[in-house]
Amino acid sequence: MTIVDTLLNPNGRINRATFWSWTLGIAFGLAILLSFFLYMGEAWLDDWRTFTLYPVFTAELEPWVARPRRLMWLLLIPVSWIYFCLTVKRWHDMGLTGWLVVISFVPVIGTALTLMICGLVPGQRHANRYGHPPFVSEPSRYAGYDEALEDMP
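Residues numbered from 1 in each chain as written. Predicted model: local features only at pLDDT ≥ 70, side-chain atom pairs only at ≥ 80, totals over all residues. Heavy atoms only, no water.

1. Remarks on the packing of aromatic side chains
Each aromatic ring pair is described using two quantities: the centre-to-centre distance and the angle formed by the ring planes. What counts is decided by this rule: Here a Phe, Tyr or Trp ring, Trp counted by its six-membered ring, pairs with any other such ring whose centre lies within 6.5 Å, and the pair is stacked when the planes are under 30 degrees apart, edge-to-face when over 60, and tilted otherwise. Buried residues are those whose accessible area, probed at 1.4 Å on protein chains only, stays under 20% of the maximum for their type, while exposed residues exceed 50% and partly exposed ones sit between those limits.
Summed over all chains, the structure comprises two aromatic pairs. Plain terms: the ring middles of Phe19 and Trp20 are 5.7 Å apart, the flat faces sit at 65° to each other, and that makes the pair edge-to-face. Among the residues examined, Phe19 registers a relative accessible area of 0% and is labelled buried.

Below, the structure written as structure tokens:
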């Protein structure tokens, strides 16, 4: 499974390690970006408020200077889709329907419950209706694993 397929396609399965690494990595990167946008918005607004040569233009330019705050809201759209895809794949790995992602829409309790279940409950070791276990690309390789161990010298 490629990185693009992992992040943008809700079909398939991922294990707990993949779920946690992507979720924490994206959360950390998003926190850095959001703090940068908030800092830049505040810094630009302070610069324009103290700019006294042309006070008439300050009121007109203030909405344009606050644009980094608007950009951070635009980031929530792709990040929400990525979180949706990762969570659906984790539910699939446990053999459950992806519709359980609706639980995470409950503001605080739902998100915490989803992170606990998806992050702590192990997935099914065998193939289910959502696909083969993560990191097993060939069904024959997984099915014949026990026989392959018996044939070893």
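Right, picking up where we left off after that structure.
2. Overview of the pattern of salt bridges
To keep it simple, the criterion reads: The working definition used for a salt bridge is a side-chain nitrogen of Lys or Arg within 4 Å of a carboxyl oxygen of Asp or Glu. The helix count covers DSSP runs of H or I at least four residues long, the strand count covers runs of E at least two residues long, and both are numbered beginning at the N terminus.
Counted under the stated rule, the structure contains two salt bridges. The shortest N-O distance in the salt bridge between Arg13 and Asp93 comes to 2.9 Å. Of the two residues, Arg13 sits in the loop between α1 (3-8) and α2 (16-50) while Asp93 sits in helix α4 (residues 67-93), which places them 80 residues apart along the sequence. The buried category is assigned to Asp93, whose relative accessible area is 3%. For Arg90, the salt bridge goes to Asp93, with nearest N and O atoms at 2.6 Å.

3. Thoughts on the nonpolar core
The nonpolar side chains of soluble globular proteins are, as a tendency, buried together. Here is the rule: Here, nonpolar core means buried Ala, Val, Leu, Ile, Met, Phe, Trp, Tyr and Cys residues that are tied together by side-chain atoms lying within 4.5 Å of each other. Whether two residues are in contact is decided by their heavy atoms: any pair within 4.5 Å suffices.
Within the largest apolar cluster, eight residues are counted, these being Leu7, Ile14, Phe19, Ile82, Leu86, Trp91, Met94 and Cys118. The element that contributes the greatest number of residues to this core is α4, accounting for three residues. Once residues within four sequence positions are removed from consideration, Cys118 is found in contact with Arg16, Phe19, Thr87, Arg90, Trp91 and Met94.

4. A look at the side chain of Thr87
Rule in force here: For this analysis, a polar contact is any N or O atom pair within 3.5 Å, provided that within protein one partner can donate a hydrogen and the other can accept it, and provided that sequence-adjacent residues contribute only side-chain to side-chain pairs.
If you trace the backbone, Thr87 turns up in helix α4. One polar contact links the side chain of Thr87 to the main-chain carbonyl oxygen of Tyr83, over a distance of 2.8 Å. Apart from the residues lying within four places of it in its own chain, the contact partners of Thr87 are Phe19, Val101, Thr114 and Cys118.

5. A look at the side chain of Asn128
Within the secondary structure, Asn128 sits in the loop between α5 (109-120) and α6 (139-143). Among the polar contacts listed, one links the side chain of Asn128 to the backbone nitrogen of Tyr130, at a separation of 2.9 Å. Once residues within four sequence positions are removed from consideration, Asn128 is found in contact with Arg13, His92, Asp93 and Gly95.

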